[in-house]
Amino acid sequence: MKITAVRAHVLEAPIEDRFAFSQAWVDRRVGLVVEIETDAGLVGWGDGYGPPWALATVIERYYAPRLVGRSPLAGDAIWEELYNALRDHGQRGIAVQALSAVDIALWDLRGKHFGAPVHVLMGGPVRTEVQAYATGLYRRSDDRQTNHRLLRAEAEGYLQAGFRAMKTKVGFGFQDDVALVAMLRETVGPEVELFVDANHGCDTVQAKRLARAIEPLGIGWFEEPVEPEDLEGYREVRASTSIPIAGGECSFTRHDFRRILEAGAIDIIQPDTASCGGLTEAKRIADMAWTHGVRYNPHVWGTGIGLAAAMQLLAVLPTSAPAFGAHQPLLEYDSTPHPFRQGLLVEPVRVERGIAHVPSGPGLGIEIRRDVLERWRVGP
Ligand SMILES: [Mg+2]
């Protein structure tokens, strides 16, 4: 089997109900989907999390010429070759995000070739069901009362759908953040897990003050309190609070995560499979985190392809410690408006009553709706 073509599709869709995290309002969803064709008639699909036009350029100009004619089965060798091709200029960021998309598509092809899901090729499954938490509860209005009304209803909707864990956004100012988190805790009750995410929108002083104030509200983790480069800041925030500190969606490859783990900076790392280096690198990072006794919950913010890739990884992530009450990894289930997230899949990844089911078909276990791909594809 040889690779005959590599295509990068840029997708974009406006959304009507815009929403905000600590830095910006989101009024459109974008995606980068890579399609790898082979002479065996098999096609592999991958998802890249990053600025899609930049990723498409890297894939088409720098990676595709190195892929055509190669066997997609040589995953580790190809990973190293592509990483080396841009290593001097792209040890993190766009080059690694583009590599992630290619790597996921190669795993999809390998699974289809051997007639096995990716998690079986990776030595699993360790689990076939994963508890999902709803990612949502973004700010939806500049007016605090309106915002609280909308988000209370949104949180109640997640409860009714069966979610037992959910995440909201902070980084809008101390009073605003504390009022919102208190309102949400009151809405969901004491037993539902509540996480907060600043998207590195605080400095160390702000993050420590916020953590102290919301600590009595039983917060499951405080995600990206400070800038991802600031590992000292992470350690300082972590030392100041009993709330577990999470982060890692803006970090890349085992090299970044080695520094994070050795610094003792984070309780729960969150590499994005479609950004940290693909499934190949995510598994290496997971094994390192396991060795350091650090939890791993993948960040997920892409199309259904990225979601399926995350599920394949979640199926093989280690359990923290062998016990009846062992902590299991969680799926980040993006519940914000997105016109082509699961719509891109012939059969959506199944999430029922807050439990996600690992796709069991070959490769990523999904098929792509070309009509939906074409509908949202932009550019040449
Ligand atoms: Mg986040």
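Only a predicted model underlies this, so the values are computations on that prediction, with no experimental measurement involved.

1. What about a nonpolar patch on the surface?
Phase 1 of the analysis: Together, L73, F114 and L121 make up a nonpolar patch on the protein surface, roughly 250 Å² of accessible area in all.
Phase 2 of the analysis: As for its placement among the helices and strands, F114 is situated in helix 3 (residues 94-114).

2. Topic: the packing of helix 9 (residues 253-263) against helix 10 (residues 278-292)
Phase 1 of the analysis: With their axes 9 Å apart at the nearest point, helix 9 and helix 10 run at an angle of 15 degrees to one another. Overall, the two elements helix 9 and helix 10 adopt an arrangement that is roughly parallel. For helix 9 against helix 10, the interelement crossing comes out right-handed. Each of T253, R254, F257, R258, L261 and E262 in helix 9 lies in contact with helix 10, whose residues at this interface are E281, R284, I285, M288, A289 and H292.

3. Focus: the environment of L344
Phase 1 of the analysis: Assignment of secondary structure puts L344 in the loop between strand 11 (331-334) and strand 12 (351-352).
Phase 2 of the analysis: Assessed through its relative accessible area of 0%, L344 is described here as buried.
Phase 3 of the analysis: With 126 residues separating them along the chain, L344 and G218 place their C-alpha atoms 37 Å apart.
Phase 4 of the analysis: The residues touching L344, leaving out its near neighbours within four places in the chain, are L11, V33, T303, I305, E367, I368, R369, V372 and L373.

4. A short note on the domain arrangement of the protein chain
Phase 1 of the analysis: Here the protein chain is described as being made up of domain 1 (3-115) and domain 2 (120-357).
Phase 2 of the analysis: Spacing between the C-alpha centres of domain 1 and domain 2 amounts to 23 Å.
Phase 3 of the analysis: Across the contact, 38 residues belong to domain 1 and 48 residues belong to domain 2.
Phase 4 of the analysis: Of the roughly 3300 Å² buried at the junction of domain 1 and domain 2 (both faces included), carbon and sulfur atoms supply 65%.
Phase 5 of the analysis: Contact with domain 2 buries surface across domain 1, with R29, Y49 and W107 losing the most and accounting together for 22% of the total.
Phase 6 of the analysis: Run the count over domain 1 and domain 2 and you get 17 residue pairs in polar contact (both at pLDDT 80 or more).
Phase 7 of the analysis: At the level of secondary structure, the elements contributing two or more residues to the side of domain 1 that touches domain 2 comprise strand 1 (3-20), strand 2 (25-38), strand 3 (43-48), helix 2 (75-86) and helix 3.
Phase 8 of the analysis: Its residues placed into classes, the side of domain 1 that touches domain 2 shows 18 nonpolar, 10 polar and 10 charged.

5. Remarks on the coordination of the magnesium ion
Phase 1 of the analysis: Each protein donor to the magnesium ion is listed here as D197 (OD), E223 (OE) and E249 (OE); together their distances run 2.0 to 2.2 Å.
Phase 2 of the analysis: Within one chain, the residues serving as donors to the magnesium ion are arranged as D-x25-E-x25-E. Residue D197 is found in strand 6 (residues 193-197), and its partner E249 is found in the loop between strand 8 (245-247) and helix 9; the two are separated by 52 residues along the sequence.
Phase 3 of the analysis: Look at D197 and you get buried, because its relative accessible area is 0%.
Phase 4 of the analysis: Judged by its relative accessible area of 7%, E249 is buried.

6. Digging into the pattern of salt bridges
Once the charged atoms of two side chains with opposite charge are near each other, the side chains can pair.
Phase 1 of the analysis: Taken as a whole and judged by the stated rule, the model has 29 salt bridges.
Phase 2 of the analysis: In this structure, E232 and R235 form a salt bridge, with 3.2 Å as the shortest nitrogen-oxygen distance. One end of the pair, E232, and the other, R235, are both in helix 8 (residues 231-240), three residues apart, so they sit about a helical turn from each other.
Phase 3 of the analysis: When the shortest N-O distance is used, the salt bridge between R284 and E281 registers 2.6 Å.

7. Observations regarding the side chain of T273
Phase 1 of the analysis: With respect to the secondary-structure elements, T273 resides in the loop between strand 9 (268-269) and helix 10.
Phase 2 of the analysis: Excluding its chain neighbours within four sequence positions, the residues that come into contact with T273 are S100, I104, G278, L279, A282, P298, H299, A309, A310 and L313.

8. Details of the packing of aromatic side chains
Phase 1 of the analysis: Applying the stated criterion across every chain, the model contains 10 aromatic pairs.
Phase 2 of the analysis: Between F19 and Y138, the aromatic rings sit 4.7 Å apart at their centres with planes inclined by 75 degrees, giving edge-to-face as the arrangement. Taken together, the residues span a long stretch of sequence, with F19 in strand 1 and Y138 in the loop between strand 4 (129-135) and helix 5 (144-160) at a distance of 119 residues. Of the two residues examined, F19 and Y138, each falls in the buried class.
Phase 3 of the analysis: Pairing W79 with Y83 gives two aromatic rings, centres 5.1 Å apart and planes at 25 degrees, and the pair type is stacked. Pair noted here: W79 and Y83 are both in helix 2, with a separation of four residues, about one helical turn. With respect to class, W79 is no different from Y83; both count as buried.
Phase 4 of the analysis: Grouped by ring-pair contacts, the aromatic residues F19, Y138 and W301 constitute a single cluster.

9. As for the side chain of T280
Phase 1 of the analysis: Tracing the sequence through the fold places T280 in helix 10.
Phase 2 of the analysis: Exposure remark for T280: the relative accessible area of 6% places this residue in the buried category.
Phase 3 of the analysis: Within the structure, T280 has its side chain in polar contact with the side chain of W107 (distance 2.9 Å).
Phase 4 of the analysis: What T280 contacts, discounting residues up to four positions off in sequence, is D76, W79, D103, W107 and R110.

How each quantity is defined
Residues numbered from 1 in each chain as written. Predicted model: local features only at pLDDT ≥ 70, side-chain atom pairs only at ≥ 80, totals over all residues. Heavy atoms only, no water. Patch = residues over 30% accessible without salt bridge, like charges linked within 9 Å, V, L, I, M, F, W, Y side chains within 5 Å. Areas by Shrake-Rupley, 256 points an atom, 1.4 Å probe, with all protein chains shown as cover. Salt bridge = Lys/Arg side-chain N within 4 Å of Asp/Glu carboxyl O. Helix = DSSP H or I, 4+ residues; strand = E, 2+ residues; numbered from the N terminus. Axes fitted to C-alpha atoms, helices over the stretch in contact; angles between N-to-C directions. Parallel < 35°, antiparallel > 145°, perpendicular 65-115°, else oblique. Left-handed = near helix turned anticlockwise from the far one by under 90°. Contact = heavy atoms within 4.5 Å. Buried < 20%, exposed > 50% of the residue type's maximum accessible area, 1.4 Å probe, protein only. Domains from an automatic or database assignment. Buried area = accessible area lost by both parts, 1.4 Å probe. Polar contact = N/O pair within 3.5 Å; in protein donor to acceptor, adjacent residues only side chain to side chain. Nonpolar A, V, L, I, M, F, W, Y, C, P; charged D, E, K, R; others polar. Donors = N, O, S within 2.8 Å, 3.2 Å for Na, K, Ca; no water. Phe/Tyr/Trp six-rings, centres within 6.5 Å; stacked < 30°, edge-to-face > 60°.

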